[in-house]
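This is what each chain is made of:
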Amino acid sequence: MTINSLSEQVPFTTKDGSTIRSILDRTNAPVQNQSLAEATVPVGQPTERHFHKLSEEFYFILEGTGTMEIDGEEKPVAPGDAILIPPGTWHQITATQTLRFLCCCAPPYAHEDTFFV
């Protein structure tokens, strides 16, 4: 049985610029097919627009408000919103109030699967 406490996870910065605390992934559990992390995006520091060739992502907004952009379409996001980001789609999230959200990736998040330009 694997149980990881969020409070014990060390934050790091992903290639897109968000601050992540990995809850369950290949670095801290016997994960094979997905990953779960808490992400924080402060006001004035949007993630860098990017895509993943392999990973499908879900974001679930816990706190804050912002704008989610996927392939040029923008929509406001707030607590309780769930966002689907299919593989290969350009995306960026911008905080109007500091955002805290859960991010699930399948296959698991990898820096090598994050692309810019």
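Scroll up to find the structure this text is about.
Residues numbered from 1 in each chain as written. Predicted model: local features only at pLDDT ≥ 70, side-chain atom pairs only at ≥ 80, totals over all residues. Heavy atoms only, no water.

## Brief notes about the environment of Phe101
So, step 1. One can find Phe101 in strand β7 (residues 91–106).
So, step 2. Since its relative accessible area comes to 2%, Phe101 is described here as buried.
So, step 3. Spatially, the C-alpha atom of Phe101 lies 8.7 Å from that of Gly64, the residues being 37 residues apart in sequence.
So, step 4. Residues in contact with Phe101, not counting those within four places in the same chain, are Ala37, Glu38, Ala39, Val41, Tyr59, Phe60, Ile61, Leu62 and Ile93. (Helix = DSSP H or I, 4+ residues; strand = E, 2+ residues; numbered from the N terminus. Buried < 20%, exposed > 50% of the residue type's maximum accessible area, 1.4 Å probe, protein only. Contact = heavy atoms within 4.5 Å.)

## Observations concerning the nonpolar core
So, step 1. Within the largest apolar cluster, 16 residues are counted, with the highest numbers of intra-cluster contacts made by Tyr59, Ile61, Met68, Ile83, Ile93, Leu99 and Phe101.
So, step 2. Of all the elements in the fold, those that place two or more residues in this core are β3 (35–41), β4 (56–70), β6 (82–85) and β7.
So, step 3. The element that contributes the greatest number of residues to this core is β7, accounting for six residues. (Core = buried A, V, L, I, M, F, W, Y, C linked by side-chain atoms within 4.5 Å.)

## Describing the state of the cysteines
So, step 1. For the structure shown, the criterion picks out zero disulfides.
So, step 2. In this structure Cys103 is a free cysteine whose sulfur lies 3.9 Å from that of Cys105, the closest cysteine sulfur available.
So, step 3. Cys104 takes part in no disulfide bond, and the closest cysteine sulfur to it belongs to Cys105, at a distance of 6.7 Å. (Disulfide = S-S within 2.5 Å.)

## Some thoughts on the packing of aromatic side chains
So, step 1. One pass over the structure, following the stated rule, counts three aromatic pairs.
So, step 2. Look at Phe51 and Trp90: their rings are 4.8 Å apart centre to centre, the planes differ by 65°, and that puts the pair in the edge-to-face class. Taken as a pair, Phe51 in the loop between β3 and β4 and Trp90 in the loop between β6 and β7 lie far apart in primary sequence, 39 residues in all.
So, step 3. The buried category is assigned to Phe51, whose relative accessible area is 15%.
So, step 4. On the basis of an interplanar angle of 40° and a centroid distance of 4.5 Å, the ring pair of Tyr59 and Phe101 is categorised as tilted. Here Phe101 lies in strand β7 and Tyr59 lies in strand β4, a separation of 42 residues in the sequence.
So, step 5. Taken together, the aromatic side chains of Phe51, Trp90 and Phe115 make up a single cluster linked through ring pairs.
So, step 6. Over the aromatic face of Phe115 sits the side chain of Lys53, whose NZ or CZ is 4.5 Å from the ring centroid. (Phe/Tyr/Trp six-rings, centres within 6.5 Å; stacked < 30°, edge-to-face > 60°. Lys NZ or Arg CZ within 6 Å of the ring centre and 35° of its normal.)

## What about the pattern of salt bridges?
So, step 1. Enumeration over the complete set of coordinates arrives at five salt bridges.
So, step 2. Between Glu38 and Arg21 there is a salt bridge; the shortest N-O distance is 2.9 Å. Of the two residues, Glu38 sits in strand β3 while Arg21 sits in strand β2 (residues 19–24), which places them 17 residues apart along the sequence.
So, step 3. The salt bridge involving Lys75 is made with Glu73; its shortest N-O contact spans 3.6 Å.
So, step 4. Judged by its relative accessible area of 49%, Glu73 falls in the partly exposed class.
So, step 5. Linked by salt bridges that have partners in common, Arg21, Glu38, Glu63 and Arg100 make up one network. (Salt bridge = Lys/Arg side-chain N within 4 Å of Asp/Glu carboxyl O.)

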